[in-house]
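# Summary of the model geometry
Residue strings, one per chain:
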Amino acid sequence: PLFAGMNGSAIENFSCVIYNICLMNCTWQAGRGAPADTQYFLYWQNSRADGEMECELYIKDENGRNVGCRFQNVRIETEKAYFLVNGSSKDSLIQ
């Protein structure tokens, strides 16, 4: 399948808000079926041709899990941007 991994382990409610032109906040919720040790990592790129950039400043929940990212000096140069959130866990594959 396209998304291998445990059902229910993928993030939910992903959204990004841009304000003051160059600041962007992205947030998500951990998958309800994700193992307790799951950690998520956010990458984004302006276009398929651009390199991926990983989040530099994660927003963490009380368990130390990444649930968002604050971007500074963002330039979204086209109407599209691409986002990828990877999850990793010692116990299982994350969708």
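Residues numbered from 1 in each chain as written. Predicted model: local features only at pLDDT ≥ 70, side-chain atom pairs only at ≥ 80, totals over all residues. Heavy atoms only, no water.

## A short note on the overall build of the protein
What the protein contains, in helices and strands, is zero helices and seven strands. In the protein, the succession of helices and strands from N to C terminus is β-β-β-β-β-β-β. A compact globule built from 95 residues should have a C-alpha radius of gyration of about 12 Å, and the protein, at 14 Å, falls within 12% of that. Taking the principal axes of the C-alpha coordinates as reference, the protein spans close to 40 × 30 × 20 Å. The buried share of the protein, reckoned over its 95 residues, is 28%. Within the protein, counting contacts between residues at least 6 apart in sequence, those at least 24 apart form 63% of the total. For the protein, the exposed area adds up to about 6,400 Å²; of that, 51% sits on carbon and sulfur atoms. (Helix = DSSP H or I, 4+ residues; strand = E, 2+ residues; numbered from the N terminus. Rg over C-alpha atoms; globule rule 2.2 N^0.38 Å. Buried < 20%, exposed > 50% of the residue type's maximum accessible area, 1.4 Å probe, protein only. Contact = heavy atoms within 4.5 Å. Areas by Shrake-Rupley, 256 points an atom, 1.4 Å probe, with all protein chains shown as cover.)

## Side note on the sheet that holds strand β4 (residues 53–54)
In space, the three strands of this open sheet follow the order β4-β3-β7, with antiparallel pairing throughout. Strands with a single pairing partner mark the edges of an open sheet, and in this sheet they are β4 and β7 (82–88). In this structure, strand β3 (residues 39–45) lies alongside β4, joined through two bridges in antiparallel fashion. Among the inter-strand pairings, W44 is bridged to a residue of β4, identified as M53. (Pairing = 2+ DSSP bridges.)

## Considerations on the side chain of N66
Examined against the element boundaries, N66 turns out to sit in strand β6 (residues 66–71). A polar atom in the side chain of N66 sits 2.9 Å from the backbone oxygen of Y40. Setting aside chain neighbours within four positions, we find N66 in contact with W28, Q39, Y40, F41, Y58, I59 and K60. (Polar contact = N/O pair within 3.5 Å; in protein donor to acceptor, adjacent residues only side chain to side chain.)

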